[in-house]
Amino acid sequence: MQWGSVSEFVAMGGYGLYVWSSFGVTALCLLWEVLALRRRHAAAIAGARESILDQGMGQ
Amino acid sequence: MMGLARINWFKYSSPQAFYPLAGRMMPWFAAAATLLIGVGLYIGFFVAPTDFQQGQSYRIIFVHVPAAWMSMFLYVVMAMWAGLGLGLNARPSFMMAQAIAPTGALFTFLALVTGAMWGKPTWGAWWVWDARLTSELILLFLYGGVLLLRASIDDPRRADRASAVFALVGVVNVPIIYFSVRWWNTLHQGASVSMTTAPKMAATMLTAMLVMTLGFWMYSIAVTLVRMRCVILERDRQSSWVTHHSHREAVEVH
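Residues numbered from 1 in each chain as written. Chains lettered and ligands numbered in written order. Predicted model: local features only at pLDDT ≥ 70, side-chain atom pairs only at ≥ 80, totals over all residues.

**Re the overall build of chain B**
Phase 1: In terms of helices and strands, chain B carries 9 helices and 0 strands.
Phase 2: Counting from the amino terminus, chain B carries its helices and strands in the arrangement α-α-α-α-α-α-α-α-α.
Phase 3: Among the 254 residues that make up chain B, the fraction classed as buried is 39%.
Phase 4: Long-range contacts, defined here as pairs at least 24 residues apart, represent 78% of the contacts in chain B between residues at least 6 apart. (Helix = DSSP H or I, 4+ residues; strand = E, 2+ residues; numbered from the N terminus. Buried ≥ 20, exposed ≤ 12 C-beta atoms within 10 Å, placed from the backbone. Contact = placed C-beta atoms within 7 Å.)

Take a look at the structure:
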């Protein structure tokens, strides 16, 4: 391991901004996708239930 | 005629069987993705040595290359499902293509953004109109075209066919991206990994990159399975088996 301290690790040899932005934006995007899918799935279940109720009313 | 109408044809097609199966498989892929990405990050940041030319900025490779590989790989897989859908007129194949597209677009976006963050300290520019970068940008537009075609056509069957044809035509761009660093004199560096020559990077660097790629792959499968479940529910909400599942899941959620 090449890191003497936490601040050295954070600094990334002067490239910290670029390195951490790259990993940060990737983490945010993947997390966003997971959360958006969770919402979409819940909405899809709710939508399916609704159309069932509609069908029931029609019969 | 009445007899035919009464049969629940949907019972015999695969979305019904696939929906619960996807739900059972998803957590395993999600767990594998978490583990692999964790291990990949550990090797990438704590085991892999400093690059003698680029210093620490090279560590962007551990997220940039896996994202770029997934962007191309997912496009090819999406196009294969689209082609299968067109050839067999198989609706579940079109649904698979539909479920893959957004994740492929996301990884293309990430490849471009992390590339810009690597380009700035390395070349002094966020963006250059280099063959590799330009063809990857075209890939983002192709994903955009697939998604827009789907969104703009109301009839799902017509949307399936239109976006499938578009996806298939666009697949020619993938080898162009891959070979761009060889065919043109690009600022972008050559292939990091080659089947024919010995690796140009330290073994631990290569390991971190491959483990991260595997992690992104497992992630892609997990989110595609969830999106497939969404697509199935959204498109088949009129069928009776969806009734059954949505009742049961609503109970589980509350």
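This is not the end of the story, as more comes after the structure.
**Considerations on the environment of N185 of chain B**
Phase 1: Among the structural elements, N185 of chain B can be located in the loop between α7 (173-183) and α8 (203-235).
Phase 2: A C-alpha to C-alpha distance of 8.5 Å links N185 of chain B and D130 of chain B, two positions 55 residues apart in sequence.

**Re unusual backbone geometry**
Phase 1: Positive phi values are uncommon outside glycine, yet M12 of chain A reaches one of about 50°.
Phase 2: Among the secondary structure elements, M12 of chain A is positioned in the loop between α1 (6-11) and α2 (16-58).
Phase 3: By C-beta crowding, M12 of chain A is classed as buried, having 20 other C-beta atoms within 10 Å.
Phase 4: Positive phi outside glycine occurs at N89 of chain B, with the angle close to 50°.
Phase 5: Secondary-structure assignment places N89 of chain B in the loop between α3 (61-88) and α4 (91-123).
Phase 6: Its 12 C-beta neighbours within 10 Å are what place N89 of chain B among the exposed residues.

**Quick notes on the packing of helix α5 (residues 131-152) of chain B against α7 of chain B**
All names here are of chain B.
Phase 1: As a packed pair, α5 and α7 sit with axes 8 Å apart at the nearest point and diverge in direction by 160°. Considered as vectors, α5 and α7 are oriented roughly antiparallel to each other. Crossing geometry of α5 relative to α7 is assigned as left-handed. In this structure, α5 uses A131, R132, S135, E136, I138, L139 and L142 to contact α7, whose residues at the interface are N173, I176, I177, S180 and V181. (Axes fitted to C-alpha atoms, helices over the stretch in contact; angles between N-to-C directions. Parallel < 35°, antiparallel > 145°, perpendicular 65-115°, else oblique. Left-handed = near helix turned anticlockwise from the far one by under 90°.)

**Things to note about α5 of chain B**
Residues and elements named next belong to chain B.
Phase 1: The terminal C-alpha atoms of α5, which comprises 22 residues, lie 31 Å apart, in line with the 32 Å expected from a rise of 1.5 Å per residue.
Phase 2: All of the buried residues along α5 are R132, L133, S135, E136, L139, L142, Y143, V146 and R150.
Phase 3: Where α5 is buried, its residues touch α3, α4, α6 (156-170) and α7. (Expected span 1.5 Å × (residues − 1).)

**What to know about the interface of chain B and chain A**
Phase 1: Contact residues are listed per partner, giving 35 residues for chain B and 26 residues for chain A.
Phase 2: Listed by contribution, the elements that provide at least two residues to the side of chain B that touches chain A are α3, α4, α8 and α9 (240-253) of chain B.
Phase 3: Looking at the side of chain B that touches chain A element by element, the count peaks at 9 residues for α4 of chain B.
Phase 4: In the side of chain B that touches chain A, the residues fall into 18 nonpolar, 10 polar and 7 charged. (Nonpolar A, V, L, I, M, F, W, Y, C, P; charged D, E, K, R; others polar.)

**Focus on α6 of chain B**
Residues and elements named next belong to chain B.
Phase 1: In this model α6 runs 21 Å from its N-terminal to its C-terminal C-alpha over 15 residues, within 8% of the 21 Å that 1.5 Å per residue would give.
Phase 2: Inspection of α6 places D160, S163, A164, A167 and G170 among the buried residues, and these make up the whole buried set. End-on view of α6: buried residues confined to an arc of 130°, all on one side of the axis. Pointing more than 90 degrees away from the buried face of α6 are the exposed residues R157, R158 and V169.
Phase 3: Close packing links the buried residues of α6 with α3, α4, α5 and α7. (Arc of directions from axis to C-beta.)

**Section: the nonpolar core**
Phase 1: Of all hydrophobic cores here, the largest spans 74 residues; its most connected members are M78, A97 and A222 of chain B.
Phase 2: Elements represented by at least two residues in this core include exactly α2 of chain A together with α2 (14-47), α3, α4, α5, α6 and α8 of chain B.
Phase 3: For this core, the leading source of residues is α8 of chain B, giving 18 residues. (Core = buried A, V, L, I, M, F, W, Y, C linked by C-beta atoms within 7 Å.)

**Quick look at the environment of W81 of chain B**
Residues and elements named next belong to chain B.
Phase 1: Here W81 is to be found in helix α3.
Phase 2: Residues W81 and Q98, 17 residues apart in the sequence, show an inter-C-alpha distance of 9.1 Å.
Phase 3: Contact partners of W81, with chain neighbours within four places excluded, come to S93, M96, A97 and I100.

**Observations regarding the confidence of the model for chain B**
All names here are of chain B.
Phase 1: Summing up the model confidence of chain B, the mean pLDDT is 89 and the portion of residues at 70 or higher is 87%.
Phase 2: Throughout residues 6-13 the model reports pLDDT below 50, and contacts reaching past four residues in sequence, or to other chains, amount to 7 contacts.
Phase 3: Both confidence scores are given for the complex: pTM 0.89, ipTM 0.91. (pLDDT = per-residue confidence, 0-100.)

**Considerations on the packing of α3 of chain B against α8 of chain B**
All names here are of chain B.
Phase 1: For the pair α3 and α8, the least separation of the axes is 9 Å and the interaxial angle reads 45°. Classified by the angle between their axes, α3 and α8 sit oblique to one another. Like other packed secondary-structure pairs, α3 and α8 cross with a definite hand, here right-handed. Listed contacts from α8 to I61, F62, V63, V65, P66, A67, W69, M70 and L74 of α3 are A208, M209, M212, T213, F216, W217 and S220.
Phase 2: When the residues that make up the contact of α3 with α8 are grouped by side-chain class, the tally is 14 nonpolar, 2 polar and no charged.

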